[in-house]
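The lines below spell out each chain.
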Amino acid sequence: MKLILKTWFACLLTFLPPAVLSAADTLEITVVDTEGGKAMVMLTPDGESMLVDAGFPGSNDRDTKRIVAAAAELQIKQFDYILVTHYDGDHVANIASVDTRIPAKVFLDRGPLQPGGNQGGIQRNMKSYLERIGGRKRVTLKAGDEIPCKGLKVTVLTASGEVIKKPLPGAGKPNQFADSPQPDIGPQDENANCIGLLYEFGKFRMADFADLLQTQEFALMTPDNLVGTVDLFMVSHHGSFRSNNQVLVHALHPKVAIMNNGARKGGDPVTFDTLKASPGLLDLWQLHTSLSAKDKNAPADFIANTQEPCEGKAIKVSVQRNGTFTVTNMRNQFSNAPRSVKSNVLSLSVRWEEDSARVHCLLRCRQPGPSCLLSLCRS
Ligand SMILES: [Zn+2]
């Protein structure tokens, strides 16, 4: 038995590309828990760092402490970029606090408020954000722009209510979900202006639209899918029903989705239904158990915070250039890694040939391919 186990492991390793075994050349992403806001810390192998939004202010600097801890773990002392997706309080209002602890070199946002953009204290949020930037560099992003981040291609897909006009390379096919129904999602508020981004690292593609609304999802994805498919989808708007139409989610065809919901914010049942019906989706991860979603929640191992009050545990993603990526729940270190290799594997059986001292490994896969053939593994 011991031999079989040892051989099983040796056999599994034969299916992992060399890069999977090394941690040197990875894109690191930490989805910080801000209990219903957004904050994401990123570090490229070139040492370039970015903070996307900064959660809520107050609560004894709760979100600042969590972001600072996530940055410290990646040994980030200064952010090359702080990107503000939009000016709602759960995204921008804590930027000043984080910036006092980890100052940023460059600030990225969508520029001035749209006419009438005054809901929910947005002008106040913006004023304190601009005061904090002071004389430092601030860049306005619009749809179609690229962020000059070393070692990572970041394309702006949406901003200020606008979407890219031309398909990305390799994209532009008719969207088979274009006729999806559009529910009533309420007013076109600040969320409609969100900066939506496509991150590309080698073969890996990740889409993150912050809190973008379904109206803009239809503009981007119909009649043609201007984005193509992605490996990882950061679920929009904390899992709100006002976003995440299947016209976007299903057409993006993600392997994995991560929802930055709070226990009582976002995580709407209909969003779980859409995600679970998404063709090709293997895993859904959540920052919190959604109280409204009840039994639609993912299994506990895929949820970073299962209790109230919570410990503010994060979800981490480590990405290889070959497109494989590992998602880890920082509450219990549960991990499903490495996704794009192992995700295709349904089962692995090992057969030991006593007389020839050979071990056969047989992989059964969802989709046949060169890595799914009968393989000979020597002990
Ligand atoms: Zn939000």
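Everything below is about the structure shown above.
We now turn to the structure provided with this report. (Residues numbered from 1 in each chain as written. Predicted model: local features only at pLDDT ≥ 70, side-chain atom pairs only at ≥ 80, totals over all residues.)

1. Notes on the overall build of the protein chain
- The helix and strand inventory of the protein chain stands at nine helices and 22 strands.
- Expressed as a percentage of the 379 residues in the protein chain, the buried residues total 47%.
- Within the protein chain, residue pairs in contact and separated by at least 24 positions form 67% of the contacts whose partners lie at least 6 positions apart. (Helix = DSSP H or I, 4+ residues; strand = E, 2+ residues; numbered from the N terminus. Buried ≥ 20, exposed ≤ 12 C-beta atoms within 10 Å, placed from the backbone. Contact = placed C-beta atoms within 7 Å.)

2. Remarks on unusual backbone geometry
- Here the bond from T222 into P223 is cis, since omega is -5°, no more than 30 degrees from zero.
- Tracing the backbone shows P223 in the loop between helix 6 (214–221) and strand 13 (224–225).
- The phi angle at N60 is positive, at roughly 55°, despite the residue not being glycine.
- For N60, the position within the fold is in the loop between strand 3 (49–52) and helix 2 (62–73).
- Taking the C-beta count within 10 Å as the criterion, N60 has 6 such neighbours and is therefore assigned exposed.

3. Here's the deal with the sheet that holds strand 3
- Read from one edge to the other, the open sheet built from eight strands follows the order 6-5-4-3-2-1-18-19, with strand pairing classed as mixed. On the outer flanks of this sheet lie strand 6 (137–140) and strand 19 (325–329), each paired with one strand and no other. Mean inter-strand twist for the sheet, computed between neighbouring axes without regard to direction, equals 20°.
- Inspection of the sheet shows strand 2 (residues 40–43) paired to strand 3 by four bridges, in the antiparallel sense. Paired with M40 across the strands is V52, a residue of strand 3. (Pairing = 2+ DSSP bridges. Axes fitted to C-alpha atoms, helices over the stretch in contact; angles between N-to-C directions.)

4. Description of the pairing of strand 14 (residues 232–235)
- Here strand 14 shows a buried face lined by L232 and M234 and a second buried face lined by F233 and V235.
- When strand 12 (residues 204–208) meets strand 14, the two strands line up parallel, connected through three bridges. Paired with D208 across the strands is M234, a residue of strand 14.
- A crossover connection joins strand 14 to the parallel strand 15 (residues 256–259) through helix 7 (residues 246–252); in handedness this β-α-β unit is right-handed. (Right-handed = clockwise from strand over helix to strand, strands pointing away.)

5. Details of the environment of K173
- With respect to the helices, strands and loops of the structure, K173 is situated in strand 10 (residues 173–174).
- Residues K173 and L226, 53 residues apart in the sequence, show an inter-C-alpha distance of 7.5 Å.
- Residue contacts for K173: discarding those within four places in its chain leaves D224 and N225.

6. Some points on the pairing of strand 2
- Burial of strand 2 is two-sided: the residues M40 and M42 facing one way and the residues V41 and L43 facing the other way are all buried.
- Here strand 2 folds back onto strand 3, and the loop between the two strands holds five residues, one of which, G47, carries a positive phi near 85°.

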